[in-house]
Amino acid sequence: MSKKKAKKKKNTAPKKKKRDIKTPLILIAVVAVVGLIIGGIYLHYRLTSLECTDFADKHFESVAAFDATGDEADLKKIYNNRYDDFRGSLDLKGDGTFSFWMDVGYADDGTHKGTYTYDRGSETLKAVFDNGDKADFKLIRNKDGAIDYIEAPYQDYKIRFVIPEV
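Of the strand pairs in this sheet, strand S6 (residues 124-129) and strand S7 (residues 134-141) are connected by five bridges, and their pairing is antiparallel. If you follow alanine 127 over to S7, its bridge partner there is alanine 135. Between S6 and S7, which pair antiparallel one after the other, the connecting turn spans four residues, and glycine 132 there sits at a positive phi close to 100°. Across four bridges, the pairing between S7 and strand S8 (residues 147-154) is antiparallel. Across the sheet, the residue bridging to leucine 139 is isoleucine 150, located in S8. If you look at the hairpin formed by S7 and S8, you'll find five residues sitting between the two strands, and glycine 145 has a positive phi there, around 95°.

Next up on the list: the side chain of serine 89. By the element assignment, serine 89 lies in strand S3 (residues 89-92). A residue is classified by how much of its surface remains accessible, and serine 89, at 7% relative accessible area, is buried.

Locating serine 62 in the fold gives a position in strand S1 (residues 58-66). Note on serine 62: relative accessible area 0%, which makes it buried. Polar contacts involving the side chain of serine 62 include one to the main-chain amide nitrogen of glycine 88, which spans 2.9 Å. With sequence-adjacent residues up to four places away left out, serine 62 is seen in contact with Leu75, Tyr79, Arg87, Gly88, Ile159, Arg160 and Phe161.

Across all of its chains, the model carries three salt bridges by this definition. Here arginine 141 and glutamate 123 are joined by a salt bridge, their closest N and O atoms 2.6 Å apart. Remark: glutamate 123 occurs in the loop between strand S5 (111-119) and S6 and arginine 141 occurs in strand S7; sequence separation between them is 18 residues. Arginine 141 gets classed as partly exposed once you look at its relative accessible area, which sits at 25%. When its relative accessible area of 18% is taken as the criterion, glutamate 123 is described as buried. In this structure, the salt-bridge partner of lysine 126 is aspartate 136, at a minimum N-O distance of 3.5 Å. With lysine 126 in strand S6 and aspartate 136 in strand S7, this pair connects stretches of sequence that are 10 residues apart. The network of salt bridges with common partners includes Asp54, Glu123 and Arg141.

Conventions and cut-offs
- Residues numbered from 1 in each chain as written.
- Predicted model: local features only at pLDDT ≥ 70, side-chain atom pairs only at ≥ 80, totals over all residues.
- Heavy atoms only, no water.
- Pairing = 2+ DSSP bridges.
- Helix = DSSP H or I, 4+ residues; strand = E, 2+ residues; numbered from the N terminus.
- Buried < 20%, exposed > 50% of the residue type's maximum accessible area, 1.4 Å probe, protein only.
- Polar contact = N/O pair within 3.5 Å; in protein donor to acceptor, adjacent residues only side chain to side chain.
- Contact = heavy atoms within 4.5 Å.
- Salt bridge = Lys/Arg side-chain N within 4 Å of Asp/Glu carboxyl O.

Next up, the structure:
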C-alpha cells in the first residue's frame, strides 16, 4: 500500500467575516451612560425645584441673634438702634434671587441683594451677594420637615430668621 497523502481541496468559497460585536456593545453602553447622566441631571433639578417651594417667595424676619460662643445677643446692639420693633428681613424669591436687609433706614440703604442656590444635602442656601461676597444661610427644620428658621451670618453673629406670624 502506498502511503500517499491525500491532497486537501482548497476551499474556494469566500470566508465569512466574523461579526464585530464590540462596536455595537460599546455604542449601546455609551448611549446608556449618556441617558443615565441626562436623566440624573433632570431628576436632580426637578427634585430641587420641588423642594424649594417651602422657602421660595417667602419673607422672613429676624427674631434673635447669637454670638460666636452661642450666647444670645441683643438685636438692638447688632443693628445699632434703639427700636424695639425693628426687624431685619430676608426675602427669598422663587427665581433664585434674595434681598437681605439688616440696617435701619430706607430699604435701599441697607439691603444687600444677590442670588442663591439650594444645597439639599446640607440644607443650605448658598448665597452670592451682588458685590461678590458669599454666605451660607442654613435651613433649620422641625421634626415635621417644615422650616423652623433660617440662620444667616451677619458680622460676627448668626441671625435667626422666621416667617412672621400674621
